[in-house]
Amino acid sequence: MYSTILTSLESGSLIITINRPDKLNALNAAVFNDLDKIADEIYENPAIKSAIITGSGVKAFVAGADISEFNSLNKEQAMAMAKKGQDVFFKIENSKKPIIAAVNGFALGGGCELAMACHFRLCSGNAKFGQPEVNLGLIPGYGGTQRLTQLVGKGKSMEMQMTAQLIDAAEALQLGLVNYVTTPENLLIKTKEILQVIHTKAPVAIGKVIECINIAIVSDSAYTNGKSGFDKEIECFGECFDTKDMREGTAAFLEKRKANFTGE
Ligand code: COA
């Protein structure tokens, strides 16, 4: 069903491995189509509670958009390509189930943008992050100018995108671009451990946390439906009171027992 990604479902977490190791997992049109389809599957399949995106091999998460597809494009085709990429990444970002990037090497250009579209990131000590598009006479097109700025701040984002310099795992941690740095062997283990904690919480509430936090960082009014994050938080807070899980969670606390959430 998928030609460029591998998938396996482990304890409710779908592990998605971008699988073009000979091209350092560069994102071509086929990878975008596969990511689009797998995002739909995450949305629709109740057996999937969360997802992890990682790269095949020991060297790269994703070394960027596939540069070999660029040279023949005109302006309109390039804009359509950026729009398609942004739409797929928005779909990942807007998933109500957590999608975490396990960055196992180079995350450059579109690779860094893909990692930043995920809800948060862990990486291995050999990871390198960057938006080196100016080396190619380009700028990021899949949300990098926006999300990197939100994550690391304007000054560092400007510097990284103007110099094209890569940062290592330690600096990514210090900047808040990743939440944890671990060994390559431990990367998926640690990511799965965090997701297992999240799986014990109320799924509807998790989805609403994602929704509200996304509004805090995205100013595009088409995306936020014209609502402020504070308004959205009030609405989502209220909606939680319509769920069985909220009744169960509060009752369990008062009865000094563990909550049993069903996602209703
Ligand atoms: N698009 C297409 N192919 C890519 C690619 C990309 N973004 N990144 C790497 N590859 C390919 C290389 O062309 C090479 O293919 P080949 O063996 O058929 O020649 C293969 O992946 C291995 O890459 P290579 O450059 O030989 O590995 P390296 O260890 O010497 O360098 C990088 C690793 C990541 C520093 C280097 O590949 C690189 O700079 N890639 C481009 C990064 C980039 O500019 N990304 C933003 C794109 S918008």
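Residues numbered from 1 in each chain as written. Predicted model: local features only at pLDDT ≥ 70, side-chain atom pairs only at ≥ 80, totals over all residues. Heavy atoms only, no water.

A.B. asks: It is not clear to me how helix α7 (residues 187-199) should be interpreted in this structure. Could you clarify?
C.D. replies: Every α-helix carries 3.6 residues per turn, so stepping three or four residues along brings you back to the same face. If you check α7, its first and last C-alpha atoms are 18 Å apart, about what 13 residues at 1.5 Å a residue would give, namely 18 Å. Listed in full, the buried residues belonging to α7 are Leu 187, Thr 191, Ile 194, Leu 195, Ile 198 and His 199. Angularly, the buried residues of α7 cover 145° about the axis, an arc narrow enough to put them on a single face. For α7, the elements touching its buried residues are β2 (13-18), β3 (50-55), β5 (99-103), β7 (120-124), β10 (180-182) and α8 (203-217). (Helix = DSSP H or I, 4+ residues; strand = E, 2+ residues; numbered from the N terminus. Expected span 1.5 Å × (residues − 1). Buried < 20%, exposed > 50% of the residue type's maximum accessible area, 1.4 Å probe, protein only. Arc of directions from axis to C-beta. Contact = heavy atoms within 4.5 Å.)

A.B. asks: Looking at this structure, I do not really get the packing of aromatic side chains. What am I missing?
C.D. replies: In this description, a pair of aromatic rings is defined by centroid distance and the angle of the planes. Applying the stated criterion across every chain, the model contains four aromatic pairs. Aromatic pair Phe 89 and Tyr 142: ring centres 5.8 Å apart, planes at 70°, arrangement edge-to-face. Residue Phe 89 is located in helix α2 (residues 75-93), and its partner Tyr 142 is located in the loop between β8 (128-130) and α4 (144-152); the two are separated by 53 residues in the primary sequence. For the pair formed by Phe 89 and Tyr 142, the shared burial category is buried. Joined through ring pairs, the aromatic side chains of Phe 32, Phe 89 and Tyr 142 make up one cluster. (Phe/Tyr/Trp six-rings, centres within 6.5 Å; stacked < 30°, edge-to-face > 60°.)

A.B. asks: When you look at the pattern of salt bridges in this model, what are you seeing that I'm missing?
C.D. replies: Opposite charge on two side chains permits them to pair, given that their charged atoms come into close proximity. Considering all chains together, one arrives at 17 salt bridges under this definition. Note that Lys 208 and Glu 239 form a salt bridge whose closest N and O atoms lie 2.5 Å from each other. Of this pair, Lys 208 sits in helix α8 while Glu 239 sits in helix α10 (residues 229-240), and the two are 31 residues apart along the sequence. In this structure Lys 208 comes out as buried when scored by relative accessible area, which is 13%. Of the charged contacts in the structure, one is a salt bridge between Glu 235 and Lys 232, with a shortest N-O distance of 3.3 Å. Taken together, the residues span about one helical turn, with Glu 235 and Lys 232 both in helix α10 at a distance of three residues. Relative accessible area serves as the criterion here: at 27%, Glu 235 is assigned to the partly exposed category. By relative accessible area, Lys 232 is classed as buried at 11%. Linked by salt bridges that have partners in common, Asp 36, Asp 40, Lys 84 and Lys 91 make up one network. (Salt bridge = Lys/Arg side-chain N within 4 Å of Asp/Glu carboxyl O.)

Function cannot be inferred from these measures alone, as they are strictly geometric.
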